Each structure stands twice: as structure tokens, then as C-alpha cells.
Amino acid sequence: MAETFAVLGLFDHADALLAAIGKVKSQDLGGPARLEAYTPYPVHGLDRALGLRRSPLAGMVMVMGILGALFAMVMQYWMSAVDYPIVTGGKDPTSWQAFIPIMFELMVLFATFTAGLGMLLLLNRLPLFGHPVLGSRAIRSITRDRFALAVEAEGSGFDPRAAQAALEAAGAREIEWLPAPDTGPFLTAVTIQRSLAGIAAACVVAGVLTWGGVKLMPVLRPMVHMEDQPRLSAQQPSRFFPDGSGMRMPVPGTVARGYLPPPFKTPEQAAGLVNPLPRTREVLDRGRAEYQVRCAVCHGALGDGTPTLTAAYGAKPANLVAPNIRAYADGQIYGTIVLGKNAMPAYAADLPEDARWAVVHYVRALQRAQNAKDEDLP
Amino acid sequence: MKAERTGTVGTVLWGATLLGAALAALSYVQAGPARFWANWLVWFLFLLSVALGALFLVAVEHLTASRWSVPLRRISERIATLLLPLAAVALVALGAVPVLYPGARPEAAADPLLAGKAVWLGLPFFALRVVLCAGLGILAVAVLVRGSLRQDRDRDPAFTRRARRFAPVAMAIFALLVTQAGFDWISGLAPAWYSDVIGVYLFAGAFMAGLAATALALLALRARGRLTAIRPDHTYSIGGYLFAFTVFWAYIAFAQYLLMWYGNLPDEVVWYQARTLGAWRPVVLLLALVHFFVPFFALVPRDAKGDLRRLAWVAPVVLVAHWLDLYWLVFPALGPAPRWSWPELGFALLFLGGALLWLRAAMARGEDMPVGDPFLGEGLEFRL
Amino acid sequence: MEPESAVLLHRLPPFVEPPEDLRAPALTAGPITPGELDDQVLAFPARRPPRKWYVAIAFTSMLAAVGVFFIGVTFRVGIGAWGNTSPVFWGFGIINFVFWVGIGHAGTLISAILLMFRKRWRNAIARFAEAMTIFAVMCAGIFPLIHVGRPWLAFWLLPYPNQRGLWVNFRSPLVWDVFAVSTYFSVSLMFWYLGLVPDLASLRDRTPGGIRRVAYSVLSLGWRGAADHWRHFEKAYVLLAGLATGLVLSVHSVVSFDFATSIVPGWHMTIFPPYFVVGAIFAGFAMVLMVLIVVRETMDLKNLITDFHLEVMGKVILGMSCLMGYSYAVEGFTAWYSMNSYLHHAFMNYITGPYGWAGWLTMTCNVAIPQLFWFRRCRRSYPWMILVALAVTVGMWFERFVIIIVSLYQDYIPSAWHLFKPTVVDFGILFGSFGIFFTLVLLFARVLPVIATSEMKADLPGAQPGNGGSHG
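As the structure is a computational prediction, the values presented were derived from the model and not from experiment. (Residues numbered from 1 in each chain as written. Chains lettered and ligands numbered in written order. Predicted model: local features only at pLDDT ≥ 70, side-chain atom pairs only at ≥ 80, totals over all residues.)

Take the overall build of chain C next. Scanning chain C from terminus to terminus reveals 16 helices and 0 strands. Against the globule reference of 23 Å for 472 residues, chain C gives a C-alpha radius of gyration of 24 Å, in line with a compact fold. Counting all 472 residues of chain C, 54% fall into the buried class. Sequence separation of at least 24 residues holds for 81% of the intrachain contacts in chain C that already meet a minimum separation of 6. (Helix = DSSP H or I, 4+ residues; strand = E, 2+ residues; numbered from the N terminus. Rg over C-alpha atoms; globule rule 2.2 N^0.38 Å. Buried ≥ 20, exposed ≤ 12 C-beta atoms within 10 Å, placed from the backbone. Contact = placed C-beta atoms within 7 Å.)

Here we come to the overall build of chain B. Broken down by element type, chain B carries 17 helices and 0 strands. In terms of C-alpha radius of gyration, chain B reaches 21 Å, essentially the compact-globule figure of 21 Å for 384 residues. The principal-axis extents of the C-alpha atoms in chain B amount to approximately 60 × 45 × 40 Å. Going through the 384 residues of chain B one by one, you find that 51% of them count as buried.

It is worth spelling out the packing of helix α11 (residues 232–263) of chain B against helix α12 (residues 266–276) of chain B at this point. All names here are of chain B. At a minimum axis separation of 9 Å, α11 and α12 run at an interaxial angle of 125°. When the axes of α11 and α12 are compared, the pair comes out oblique. Classified by chirality, the crossing of α12 by α11 is left-handed. For the pair α11 and α12, the contacting residues are Tyr-257, Met-260, Trp-261 and Gly-263 in the first and Glu-268, Val-269 and Tyr-272 in the second. Looking at the contact of α11 with α12, its residues break down into 5 nonpolar, 1 polar and 1 charged. (Axes fitted to C-alpha atoms, helices over the stretch in contact; angles between N-to-C directions. Parallel < 35°, antiparallel > 145°, perpendicular 65-115°, else oblique. Left-handed = near helix turned anticlockwise from the far one by under 90°. Nonpolar A, V, L, I, M, F, W, Y, C, P; charged D, E, K, R; others polar.)

Residue and element names in this part refer to chain A. The strand order across the open sheet built from 4 strands is β2-β3-β1-β4, with neighbouring strands paired in antiparallel fashion. Two strands in the sheet have a free side with no partner beyond their single neighbour: β2 (33–38) and β4 (174–179). Neighbour-to-neighbour, the strand axes of this sheet turn through a mean angle of 20°, independent of strand direction. Where helix α1 (residues 14–26) meets the sheet, its contacts fall on β1 (4–11), β2 and β3 (147–153), and the angle it forms with β3 comes to roughly 25°. Running at roughly 10° to β1, helix α6 (residues 160–170) makes contact with β1, β2, β3 and β4 of the sheet. (Pairing = 2+ DSSP bridges.)

Our focus in this paragraph is the interface of chain A and chain C. On the side of chain C, 56 residues touch chain A, which itself brings 63 residues to the contact. Every element with two or more residues in the side of chain A that touches chain C is listed here: α1, β2, α2 (46–50), α3 (57–83), α4 (100–123), α5 (139–142) and α7 (189–216) of chain A. Among the residues making up the side of chain A that touches chain C, the classes are represented as 41 nonpolar, 13 polar and 9 charged.

Within the largest apolar cluster, 344 residues are counted, with the highest numbers of intra-cluster contacts made by B:Ala51, B:Leu55 and C:Ile317. With 21 residues, the top contributor of residues to this core is helix α2 (residues 33–64) of chain B. Leave out the neighbours within four places in its chain, and B:Ala51 touches B:Ile79, B:Ala80, B:Leu82, B:Leu83 and B:Leu86. (Core = buried A, V, L, I, M, F, W, Y, C linked by C-beta atoms within 7 Å.)

Another aspect to go through is unusual backbone geometry. Omega for the bond connecting A:Leu126 with A:Pro127 falls within 30 degrees of zero, at 0°, which places this linkage in the cis form. Mapped onto the secondary structure, A:Pro127 falls in the loop between α4 and α5. Backbone geometry places B:Ala65, a non-glycine residue, at a positive phi of 55°. Mapped onto the fold, B:Ala65 is located in the loop between α2 and α3 (70–80).

Listed by partner, the interface residues are 5 residues for chain A and 6 residues for chain B. Taken together, the residues of the side of chain A that touches chain B sort by class into 3 nonpolar, 2 polar and no charged.

Before going further, it helps to spend a moment on the pairing of β3(A). Residue and element names in this part refer to chain A. Burial runs high along β3: 7 of the 7 residues are buried. With burial as the criterion, each face of β3 is covered, one bearing Phe-147, Leu-149, Val-151 and Ala-153 and the other bearing Ala-148, Ala-150 and Glu-152. Direction of pairing for β2 relative to β3: antiparallel, over a ladder of 6 bridges. Bridge pairing in β3 links Glu-36 to Ala-150.

Once that is clear, we can look at the environment of B:Ser66. When you line up the elements, B:Ser66 lands in the loop between α2 and α3. A residue is classified by how many C-beta atoms lie within 10 Å of it, and B:Ser66, with 20 of them, is buried.

Here we come to helix α10 (residues 307–337) of chain C. Its 31 residues place the ends of α10(C) 44 Å apart at the C-alpha level, agreeing with the 45 Å of an ideal helix rising 1.5 Å per residue. Positive backbone phi, at 55°, marks C:Met339, one or two positions downstream of α10(C). (Expected span 1.5 Å × (residues − 1).)

Turning our attention to helix α6 (residues 173–206) of chain C. Residue and element names in this part refer to chain C. The end-to-end C-alpha distance of α6 is 48 Å, a good match for the 50 Å that 34 residues give at a rise of 1.5 Å each. Remark: the principal bend of α6, roughly 40°, maps to Val-197, with a proline, Pro-198, within the next four residues. Most of α6 sits inside the fold, with 26 of its 34 residues counted as buried. (Bend = angle between axes of the 7 residues up to and from the residue.)

Turning our eyes to something else, we now look at the packing of α6(C) against helix α8 (residues 227–260) of chain C. Residue and element names in this part refer to chain C. Relative to each other, α6 and α8 sit at 155°, their axes nearing to 9 Å. Between α6 and α8, the crossing angle belongs to the class labelled roughly antiparallel. The hand of the α6/α8 crossing is left-handed. Taken together, the residues that form the contact of α6 with α8 break down as 20 nonpolar, 3 polar and 2 charged.

Once that is clear, we can look at the environment of C:Val251. All names here are of chain C. Locating Val-251 in the fold gives a position in helix α8. Classification of Val-251 as buried rests on a count of 33 C-beta atoms within 10 Å. Counting along the chain gives 68 residues from Val-251 to Thr-183, while the straight-line C-alpha distance between them is 8.7 Å. Excluding residues within four positions of it along the chain, Val-251 makes contact with Val-101, Ala-180, Val-181 and Tyr-184.

Here it is in C-alpha cells:
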């Protein structure tokens, strides 16, 4: 039946308090009780007198500090060397030296928060607003200049009168009985811990959802800075030009790169040109690829003028492996590709210069292949 | 019986010193002058930093007028007296200049990078600086230590006043000596290289060495039943400062390395290339281990800082680590592979033996605590 | 005394009694009881402040408003409103940042490092100094935020997973700064707030009722002075002090890395980390000295913030000035010793050329003028103290100016050389930051206890059992 929470005895000096602890401990308090002291500042020797164990905070801080350092190293290493390695300043992406400053700072940060919040929330269980001592008369003196020794009830059977007698015998100047609180304390450290845990969990869930969402949806508004650029994109209107259109024709005389008009007017005039590409495997492969895309449809896969076109097409493509084309100079074949001939259109716009020469090599290869002599066989 | 034991220790030390001297002299012939001078230099710098660290402890106590450290001051003063024989060692060390210091050679005048400072790097001016610094070191010891010993007898607080006024001068002398040692003795080995923090780096190492030597001396004296009035609070302070300066040394050492690694300038990285790559890599890793990680984790628990048993092994580890630091700074001038063989052992015997002989004699002079100091009583009560 | 000392004493003649002139004075001028201490210090938040407080805060708020206005101009117009130009890409923004972070270091040194050294005289000034640290770091933090071209994207400096798939460049000292300064702010705030909790509890119990009582109740977290709590509290406080000590070294070293990791001539000096830390302590102590002079006079705290406190701070300033002199000497020597013509040129620019006046001003204010503190008279008289403190503040600002502007305006390529001309926006933000800082200081003095009463009470004579006064 603990209607009394505790009996408080006030003392004027720290010496008196320490002496009193010894005396009260040796007395019979008539029931289950524990001692607690309340002081305006930390008093040396009080822990020992009350039999309090050492604070585990130092070990906690060391562990969390080391964890912070490890976390910082792993985070930086993963981000800089594994997930998106970039060479900055000529430094190897896996180099560790530049990671030390942040490692130290995060070590201190983790350690600090452990020390501060660990002390408050975990070890001291503060904030706690409903404690009976806070509502007592004595608290004014306790935070000012007096020292209090409290005999607190631990269960039913606590005898406040015996406690009072013990305190008075030990030299207390004033005695105060603290009634047990009728309402539970509010906004306690436990509530805060639970709230923080809840917020942390919510953040983790939100983070995972965001990450998943971002992976699924490439573009999430409102972070569309690179999308909406203040520049003129295709098919956008523009008030800068009189006709209001953003799209403009090229200036007359514009030439696309690599597409300068040829210096010859007929393929025969191009006969003097020399094939600048070497006859290598890569060039021939390229020639074959281009030929199959551009030329085979009319001239046939073997170059013999048997195309995949139907007879409905009308025009008859040249047989490239026939003697007359075999007699052409390389430059003449090149010139035909560039200017076209009869029904064949000009392929200058479809084939850049080096592709054209690669096709010339391939046509030569086809001519030789289709007119092979016995000595050509291995 | 005690005299017999003392006699035995003395004989052993003399024997070791003489053996070391013989081995050292032999190494000049057998292993070459460069090896000889490198060893001489490392041991000179090691004992110099121990002595300067101890001097710093004495000077800073007078500067801050602290009371708690008064009982310990005599130990540091005695260690600081090493500066007296070290003056002679420094003058002999000048023999290393033509051998190990490229800037002092005549070819330096032709090198475009060295020509402008050939006068500075040359032997005459170098020697002048060494003589000046040795003189200033002796001055500081004379004022602070001799006065303190005299105060034992005449109990005159005038010395305390004088020491407090001299303390800033002693600090200036200390700063000059560590900076000179850094620029001349150490970075002179690679005259194109320079680092302005080398003086601070040597300060950090010297302070750690001085603290460790003081701690060891304290333990040695306590083992002989002396200095029993020193409280656990005193040893906790020594352990605490040793811990703090372990971190400080690591900070300065790493900061210098990081800046040179980051800038990656050819004329700066040669220093670290010679000391962190190839065969020297295990040495620098060992240095980081014994100079930082081991003392740090050994001293981080609060109880460990004041624990005499813990200090009994941490202090020697710190001294070995400091020696290794200087070995790592100097020996790469000899070649790309670390050398460790009988010449090094010989020099260890010579210099350790010699230093211990000197310190043994010093520990017999005067009282173990500055009994004439007005604040000894309060210092014993650990008043701050 | 311990038995061992007594035995020892028997073997020696009795101890010499220390003469008065060698003794350190008592920590308070005149005896004071814990109750009187509370009455003196904790009465301020309850009273109306004197008229000069209103005048002062009106002035500082106006200055702060000017600063905020010019920050708005910067947001609207862009960094072009500042004097930054090619090649001086870093101007007042980073000068002010480094300056303010430096000012903050004094507070941490006083409250954390002096706690580690167990110097009892820190107790009277630690709380105020810590508050100044927090406000200085807040002022410093403004500058990285506003000096980026798009301040609304400043959060890109933090490594969070994003749809660009990018991470920050951990090898950049500017990112190290982000972590260092935010850690420093958090740690200082935590340290300051924890120390305040018992004092807020005292305020709570003195306040009869009303909103103030509720505010103090909430902020003091229900602190009741339980011995069980004090034990964890003291441990946390000492651990935080140790951690903060490491931070003082690391934060300003990381700030110095902004410069020293580059290869700009005059910046790439290995002495920068400890040199910046010393400079920070130096500048911070000067600011704390000035503020404390004002506080002890206007709040009538001369018996708690005694002449001894001011004098010992003067000695620290003197010591730091000598260390700065050492750094300048070593840098000057190295500039010659390096035989590097670029470094030569950079160093000559410190003392000659268009900004040579700034170099001379710096050395005069930082090395020459503080030497006045060798003289006891100057350490004990307000005009001299304020002169030296002002000189140091100006000198340290100009030192950052010299380091940054002079090294940048003429570096490797002569065709890129260009003078730096600060604009009115630059100056407006600089003076505005002083306004913000002092406004916060004035508000702090009005609302919270400026002296750590519970810490001071623990060290008064007779406070601890067993002997007169504590000994750690």
C-alpha cells in the first residue's frame, strides 16, 4: 500500500549528505526501500556511498564511434568505388586516403549522439515530467543549494514514519513526505523512444518505396530540371522568328559534314580516284554489311544482277561481276555510287565516304569470287 | 646489498655501452660511412626528441603555473639534462652532413634547384645553426634545471618567479630547436623536398617521447621505493596526455601525408614514394600500428590511463615507436630497402647504454621532487 | 593530506609557503554561496532587460536585416552580384565562412578542451563561449548555402540515393566540409544543450508560473538532480568534451584542406591544418574577450567573470599570437627554401603589390599588436584589451582575405591575372553576418543563463565533501 512514494530529508552541506547515507543505511527502515539522493550539482563520492555502479556510457560510445567510422568507410567506398566509380583528380577510385576526414567526422557524430541521447533517453530515461519530486516543496531548494536524501518505497509494507525517524536521526533539517502520483507520467522518454523508432521505420519504408518507385518510373515530377530546358526544342514555336516557327530551314549552301559535293560530274571523271582504304578484313566486312543493306536489293547478293526485286520493278540492274564492270576503275565504281546511273539513284546521302570505298572493295571481292580461276583455290 | 645491485646495473650498462661503441666503430669500416652516420643521426634525433619533450614538460608547467605537476617535474628536468651530452653528439653528427646531405656537396651548386640555397645547405652555415641551437638548448637547461636544483637547497621562491618569466623564452627555444631539427636534419636529406609542418610533426613526437620517458622513469623510481607520494591522479594525467598526443601525432602525420598525396606534385611525393612503397611499406604500416593504434586502444579506457601496469608496457612501446618514426624518416636516404642488422644493434647498445648511464647519474642528483618549490605540497594533494 | 605525503614530509624540512604573488587568485572575486550565485545569474531571464539591451538589439537586428536583404539580392541576381571573378572564384563567401567557423572554435576550446585540462576558470565563461560557438557556426553555415549558384539545390551536397544515380564526390574537401561543419554544429549544440539542462531546471523551479515555467519545464526535460542521473550526465559531459576536442582540431583542419589540397601557390602548405586551428582559436578568443567585457559590465557579473579570467584569456591570445608568428615565419622561410618561383611570387604578393597593404595589416594586427599583452597593465585595462581584441578580429579576417584573394588573383598563368573588387553586396552580407551573430548573442543573454551555475557551484570552496574546493 504505497500511498507515499518517498520520504525526503534535506541537508545543508554535501558532507552532511554523505554522512547521512551511511547512517540511514545502517538503520532499520521497516519495509522495502531504496535510497536516492538529489543534489544541485554532482557530488564526488556520492556514487560510491549509494552503491551505484559505473556508467556504461563510455563503452557504448566507443562501440558506436567505431561503428560510425566503419559505416563511413564502407559507405564512401561503396559509393565511390563500387556503385559509380569515377576518377576525380587523377585519383584511383578505390583509394582510401581521401575517405579519412569524413570517417573521423562520422565517428564523432555517432559517438556524440550516443553519448547525448543515450544518456538522456536510455540511461536517465529523461524527459520524464510526472515524477513526484518535481512537484515537491523541496525541489526549489534541490536545484538551488540543498541536498536531499530520499527513502523511496519499493513495494507495499513501506513505513514512512520509520524512514522519517531514520532521516531525522541522520541529521536532516527538513522532512517532506511525497505522495505517489495518481496519474501516469506523460511524454516520457519511452514515448519519445517509441516515436523516434516509429519515425525511423516510416522513413525506411518511405525510402524503400521511393527507391522502388524511382526504379519503375524513370521520370518523377517535380525533379525534371533536365527535361524542361529553356531552349528551343524540335517543333516548338518561337516568337523570335517572324513566322513564329522554331524550326528553320538550313541556310542556303549548307553542306552536311562528310557530304561535300563531289568534284566530278560523271562516274568516268572519277576514274582517277584511288581507294584510300586498305583491303583488310574489317573493311571488307563493312563493305559487305553496307552492300547487303544498300546494294544487294537491286544487284543481288552475289552482285550478278539477280535481285530480290520482282519483275514488276521494270528496270534491269547491272551485273556487277560481268566483264564490263570488272573493267571499270575503282574510281568509276565509286563515282557511280555517288552520282547514280540511269535508274540507280545517287547514294551519296546514304553512304558516307569511307562506306562507299568499303563497298568498292567488296564489289571487287565479289567480282573475283564469281570469276575465280583454279589457281585461286588454296 | 642495494649498492651491489646498483653496481651490477652500472657494470652492465658500461659493458653494453662499450660493446656498442666497438660495434659502431666497426660498422663505419664494415658497413660504410653512410650506414654509420644514418644510425648516429637516428639515435641523436631520438635522444634529442626525448630530451626536448622533457624540457617542454618543464617549460609548460612554468608557463601555465600548474601545481599538480610539480612533484613530477624533477624527473622531466633530469631527462632534459640529456641536452648537455647531446650537444657533443650533435657536433659529431655534423660528420653526417657531407655523406648523407646532397645539398652540402659541391655538386649542389650546379643543380638548378639547389644552387640558390647552397649556402644555406652547405656545411659551414649548417654547423653554425647546429652550434647555435645546441647553445640555446644548454641555456634552457641551465636556467630551468640548475635553478630548480639550487632551489632544493635555498628554498627561495625567486627561482619560481624567474622560471615563470623564462618559460616563454624556453618555449621559443624549443620551437626553434624542433624546427631546426626538422628542416636541417630531416628534410635536408632530400634537399629539394620541404614541408612546413615538419617542426610541428617533430614536436608531437618529442612530446610523446618526453611523456613516455617521464612515465618510465617514474615507474623505475617507484620500483625502487622512491616517489611513493605520487598519486593515481598524477599517473592518470600522464596517461591522459600521452593518449591525447597519440591522436595529435597521428593527425599531424596523416595531414602531411594526405596533402602531399592529394596534390601529387612530383617534387613532394618523392619523399613518400621512398617511404611508403616497396620494401618500406611494411615499416610504415608497422609505424602506424605501434605509434597510433596500439597506444590509442591501450589507453582509451579511463582506468587504463592511470594504470601503472598498463603504462609499464605502453611507455616503452611509444618510445620504440618514436625511434621507428625517426628510423623511417632517415634510413630511406640509404636505399630502397630497410636495413636492420648488427650495426643497428651496436648503435642501440651504445646510445641506450650511454643515455641510461647519464640518466642514472642524473637520478642520483638532488631530491626526487623539487622540494624547494612553493607549490610542492599542493601538487602532492593534486591541486590543479 | 595522504599518509604517504605525511611520511614523506617527516623526512624533509617543512614545505615552503607559497608567496601571494605566485598564487593564482580565487575563481570568484569574493566568496559566494550557491544560492547567491543562482540569484545573481538566474535573475536575468526573469527581469526586463535594461534599455541598452533594446538599443543594442535594434542596431544588430537592423544590421542583420541589411544582410538578409543582400542575401536576397544574391538569390535574385546570382553570384554575379558579388565581386567574384576569374581567377578569383572564391571571394568574400569563403573568407566569411572560414572566419566564422574559426570564431566558433574558441567556445569549444574553452568549454571542452579546458575541461580536459581541468582548468577551473573555464566554468564562469564556458556557457557563453559555447553559445557563441553555435551562433558563429550558424553564421558560417550561411555562406556555403548562398555561394552555390542554385541555393535551392544545396541539398545535393548530401549523399542520398537519387534518380540521377549520382553520389557526391567524397574526395573533395568541400564535401568533407559539409560533414565536418554539420558534425561540429550538432556536437556543439548537443554539448551546449546538455550543459544547460540542470540550469534550466533551476530556472524552472525559480519561476512561479506561466508560459516561461512551462517552457523551462519542457526544456529541462524533468531534470531533478538525481545522483543516478548525475553519474551518467557527468560521464556524457566528459565524453562529449573529449569528442569536441577532437572536433576542434579536425573541423578547422578540414576547412584548411579546402586550400591546402589544391596546388595553388601559397595554398599548398602542409602547415595549414595546425596553422588554421591556431588562427581559429586566436580569433575566437578575441571575440569572446570582447563579448565578455561587455557582458560583465552590463550584467554586473564582475565578481564571477573576474579580472583573472580576462587576464588569462589575454595570455592565451598572446600565446596564439606567438604561434601565428611562428607560422608566418615558417611559411616565409619555406617560400624561399622551396626555390619555387611561383611560391616566391605568391609570397611577395603578400607584402607588396596591390594587396600588400592587406598583408602588412594582417601581420601588424595578428603578431605585433597582441604583443602588448606581455605587459600586465594592458592585460588588465579595458581600452588596451579592446584594442587588441579588435585588432585580432580585423587581422584574422584580413588573414583569410590575404590567403584567398592574393593567392588566387595571380597564380600560374599571367594572362589570367585579375584584381578582385568586392561589391556592396559582399560587404552587406559580411556586416549582416555580424548583425545576425550579435542578435543571437543578445537574445541568448536575455533568455538563458549566461553562466553555467551548476558547474560553478560544484567548484566553489566547500562545495565538495572532504576538503575545501574540488580537485578534479
